[in-house]
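The residues making up each chain are set out below.
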Amino acid sequence: MSDMFHRAAQQNETATLRFLMIEEVFGEFAQQEKFANAYKAFLERVYQNEPVFSISEALSQKKLALAEAS
């Protein structure tokens, strides 16, 4: 299974959902448009060398603001 992860990770930058398409681990997340779009946006920011912590913090703040607005 580690070989499968490694191959998928190598292909992920050009085929963004390749890693997520490992159904044994992620099920059908790759087919869920909302999740797949969020995953692609996250990876795009990672590939632009934005720190993962900063991305996660921004997403948390956005989610909190949405929750407070409801």
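Scroll up for the structure.
Let me sum up the structure you'll find in this document. As the structure is a prediction and not an experimental result, all values here were calculated from the model. (Residues numbered from 1 in each chain as written. Predicted model: local features only at pLDDT ≥ 70, side-chain atom pairs only at ≥ 80, totals over all residues. Heavy atoms only, no water.)

Observations regarding the packing of aromatic side chains
For clarity, the threshold we go by: Any two of the Phe, Tyr and Trp rings considered here, Trp counted by its six-membered ring, make a pair once their centres fall within 6.5 Å; the pair's planes then place it as stacked at under 30 degrees, edge-to-face at over 60, or tilted in between. Classification of residues uses two cut-offs on accessible area relative to the type maximum, computed with a 1.4 Å probe and protein chains only: under 20% is buried, over 50% is exposed, and between them is partly exposed.
Overall, the coordinates contain two aromatic pairs when judged by the stated rule. Residues phenylalanine 19 and phenylalanine 26 carry aromatic rings whose centres are separated by 5.6 Å and whose planes lie at 55° to one another, so their mutual orientation is tilted. Its relative accessible area of 23% is what places phenylalanine 19 among the partly exposed residues. Residue phenylalanine 26 is classed as partly exposed on the basis of its relative accessible area of 24%. Between the aromatic rings of phenylalanine 29 and phenylalanine 35, the centroid separation amounts to 4.4 Å while the plane-to-plane angle is 25°, which identifies the pairing as stacked. Under the relative-accessibility criterion, phenylalanine 29 is labelled partly exposed at 34%.

Quick word on the pattern of salt bridges
Quick reminder of the rule: Put simply, a salt bridge is a Lys or Arg side-chain nitrogen that is within 4 Å of an Asp or Glu carboxyl oxygen.
Per the counting criterion, the structure on display carries one salt bridge. The salt bridge partner of arginine 45 is glutamate 50, with a shortest N-O separation of 2.7 Å. With a relative accessible area of 27%, arginine 45 lands in the partly exposed category.

A few points about the packing of helix H3 (residues 33–47) against helix H4 (residues 52–69)
For the record, the criterion: The axes are straight lines fitted to the C-alpha atoms, using for helices just the contacting stretch, and the angles between their N-to-C directions are given from 0 to 180°. To qualify as a helix, a DSSP run of H or I must reach at least 4 residues; to qualify as a strand, a run of E must reach at least 2; elements of each kind are numbered from the N terminus. By convention the crossing between two helices is left-handed if the near helix lies anticlockwise of the far one by an angle smaller than a right angle, and right-handed if it lies clockwise. The contact criterion used is simple: two residues touch if any of their non-hydrogen atoms lie within 4.5 Å. Throughout, the ten residues Ala, Val, Leu, Ile, Met, Phe, Trp, Tyr, Cys and Pro are labelled nonpolar, Asp, Glu, Lys and Arg are labelled charged, and all others, Gly among them, are labelled polar.
Closest axis-to-axis distance for the H3/H4 pair is 9 Å, and the angle between their directions is 145°. Between H3 and H4 the crossing geometry is right-handed. Contact residues: Phe42, Arg45 and Val46 in H3; Val52, Ile55, Ser56, Ala58 and Leu59 in H4. Split by residue class, the contact of H3 with H4 holds six nonpolar, one polar and one charged.

Considering the environment of leucine 20
Tracing the sequence through the fold places leucine 20 in the loop between helix H1 (2–11) and helix H2 (23–26). According to the relative accessible area criterion, leucine 20 is buried, its value standing at 2%. Residues leucine 20 and lysine 40, spaced 20 residues apart in sequence, show a C-alpha to C-alpha distance of 10 Å. Aside from chain neighbours lying at most four places away, what touches leucine 20 is Phe26, Phe29, Ala30, Phe35 and Tyr39.

Regarding the environment of alanine 41
Turning to its location among the elements, alanine 41 is positioned in helix H3. Here alanine 41 falls in the partly exposed class, since its relative accessible area comes to 39%. Sequence separation between alanine 41 and threonine 16 is 25 residues; the distance between their C-alpha atoms is 9.7 Å.

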